[in-house]
Amino acid sequence: MASPTSATVRVRFFARYAELVGRTEAAVSVSLPATVGDVVRRVRDDVPGAGGIPERPLAAVNLKHVKLDARVQDGDEVALLPPIAGGALTYLTRERLALAELLAEVAAPECGGTAAFLGTVRAGPAEGGVTAIEYSAYEAMVEGEFARLVADARARWPEARIAVRHRLGTIPTGEASIAIAAAAPHRAQAFDACRFVIEEVKRRIPVWKKELRSDGSAVWVDPAGRPTAKPSHV
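Residues numbered from 1 in each chain as written. Predicted model: local features only at pLDDT ≥ 70, side-chain atom pairs only at ≥ 80, totals over all residues. Heavy atoms only, no water.

With that settled, the discussion passes to the overall build of the chain. Within the chain one finds five helices and 16 strands. Across the chain, contacts joining residues at least 24 apart in sequence account for 64% of those joining residues at least 6 apart. Accessible surface for the chain amounts to roughly 12,300 Å². Of this, 50% is attributable to carbon and sulfur atoms. (Helix = DSSP H or I, 4+ residues; strand = E, 2+ residues; numbered from the N terminus. Contact = heavy atoms within 4.5 Å. Areas by Shrake-Rupley, 256 points an atom, 1.4 Å probe, with all protein chains shown as cover.)

Take a look at the structure:
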């Protein structure tokens, strides 16, 4: 049996992209072998209004974030994902976190539920009297990883609006190191999206932390909060 020479994929549009094309999805045919980039080019050429979609947008195939050189097959769902908050977004900051700003970013009339999470530096007895945590990161990589993580969340919960900030530098106990806000039409979507983001941050974002303790020692800890080395004095 001869291999198929073309594929029809379901392309989904969200937020600003949906407004540009006046619909939320379209069926697009491409010649095989084909990549997500080929689908994007066909969309921009054939779908009225889609010329305003960037040549290299964030994309997901079958609910998984992918690069534009990923292959597509007949029947795949390709989602084109606008940047969060309408433009480029910095996920890292060295300023104190302002949850109100994130809540404003995700607010929308169609969103009936909003969930927020703050991760705060704590001085628990098991940690030996932590006075602060020093956060450092591979910053260029972190920005890209955060963009992919948020895109993954948007692919899972297409109607959700998500904002996240992670603080770097030395943060004293009682202050927040990460803030997340998620808004969606229904509360379950907002709760689920918010929890997904914080769990994935712990698993895949290259940010490291060093505990500064009341006895003058310091220790690097892993994402689960376990020391990775014996305390050293600073």
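Let's pick the thread back up.
Turning our eyes to something else, we now look at the side chain of Arg 154. Within the secondary structure, Arg 154 is located in helix α4 (residues 139–156). Despite its burial, Arg 154 remains without a salt bridge, the nearest opposite charge being carried by Glu 110 at 8.6 Å. A polar atom in the side chain of Arg 154 sits 3.0 Å from the backbone oxygen of Ala 160. (Buried < 20%, exposed > 50% of the residue type's maximum accessible area, 1.4 Å probe, protein only. Lys, Arg positive; Asp, Glu negative; His and termini not counted. Salt bridge = Lys/Arg side-chain N within 4 Å of Asp/Glu carboxyl O. Polar contact = N/O pair within 3.5 Å; in protein donor to acceptor, adjacent residues only side chain to side chain.)

Right, let's get into the side chain of Ser 177. One can find Ser 177 in strand β13 (residues 176–184). The contact partners of Ser 177, leaving out residues within four places of it in the chain, are Leu 97, Gly 119, Tyr 135, Arg 165, His 166, Arg 167 and Ile 171.

The next point concerns the pairing of strand β14 (residues 207–213). Of all seven residues in β14, six are buried, a share of seventy percent or more. Looking at chain direction, strand β10 (residues 130–137) and β14 are connected through seven bridges and run antiparallel. Following the sheet pairing, Ala 137 is matched in β14 by Val 207. Bridging between β14 and strand β15 (residues 217–221) involves four bridges; their strand directions are antiparallel. When the bridges of β15 are listed, Glu 211 appears paired with Val 219. With antiparallel pairing between neighbouring strands as the criterion, β14 and β15 make up a hairpin whose turn holds three residues, including Gly 216 at a positive phi of roughly 90°. (Pairing = 2+ DSSP bridges.)

The next point concerns the pairing of strand β2 (residues 25–31). The side chains of a regular strand alternate, residue by residue, between the two faces of the sheet. Every second residue of β2 is oriented toward a common face, the buried set being Ala 26, Val 28 and Val 30 and the non-buried set Glu 25, Ala 27, Ser 29 and Ser 31. The pairing of strand β1 (residues 6–13) with β2 spans seven bridges and is antiparallel. Residue pairing across strands places Ala 7 opposite Val 30, the latter belonging to β2.

What follows is about unusual backbone geometry. Here the residue pair Leu 32 and Pro 33 is connected by a cis peptide bond, since its omega of 0° sits within 30 degrees of zero. Counting through the fold element by element, Pro 33 comes out in the loop between β2 and β3 (34–35).

What characterises a pair of aromatic rings is the spacing of the ring centres plus the angle enclosed by the ring planes. For the structure on display, the rule yields two aromatic pairs. Between Tyr 91 and Phe 146, the ring centres sit 5.3 Å apart and the planes meet at 20°, which makes this aromatic pair stacked. Taken together, the residues span a long stretch of sequence, with Tyr 91 in the loop between β7 (77–81) and β8 (92–93) and Phe 146 in helix α4 at a distance of 55 residues. Taking relative accessible area as the criterion, Tyr 91 reaches 6% and is therefore assigned buried. Measuring from ring centre to ring centre gives 5.5 Å for Trp 157 and Phe 196, while their planes differ by 65°; the resulting arrangement is edge-to-face. Here Phe 196 lies in helix α5 (residues 187–204) and Trp 157 lies in the loop between α4 and β11 (161–167), a separation of 39 residues in the sequence. (Phe/Tyr/Trp six-rings, centres within 6.5 Å; stacked < 30°, edge-to-face > 60°.)

On to the pattern of salt bridges. Summed over all chains, the structure comprises 17 salt bridges. A salt bridge links Arg 10 to Glu 25; the shortest N-O distance between them is 2.8 Å. Of this pair, Arg 10 sits in strand β1 while Glu 25 sits in strand β2, and the two are 15 residues apart along the sequence. Here Arg 195 ties to Glu 199 by a salt bridge, and the two come within 3.8 Å at their closest N and O atoms. Of this pair, Arg 195 and Glu 199 both sit in helix α5, four residues apart, roughly one helical turn.

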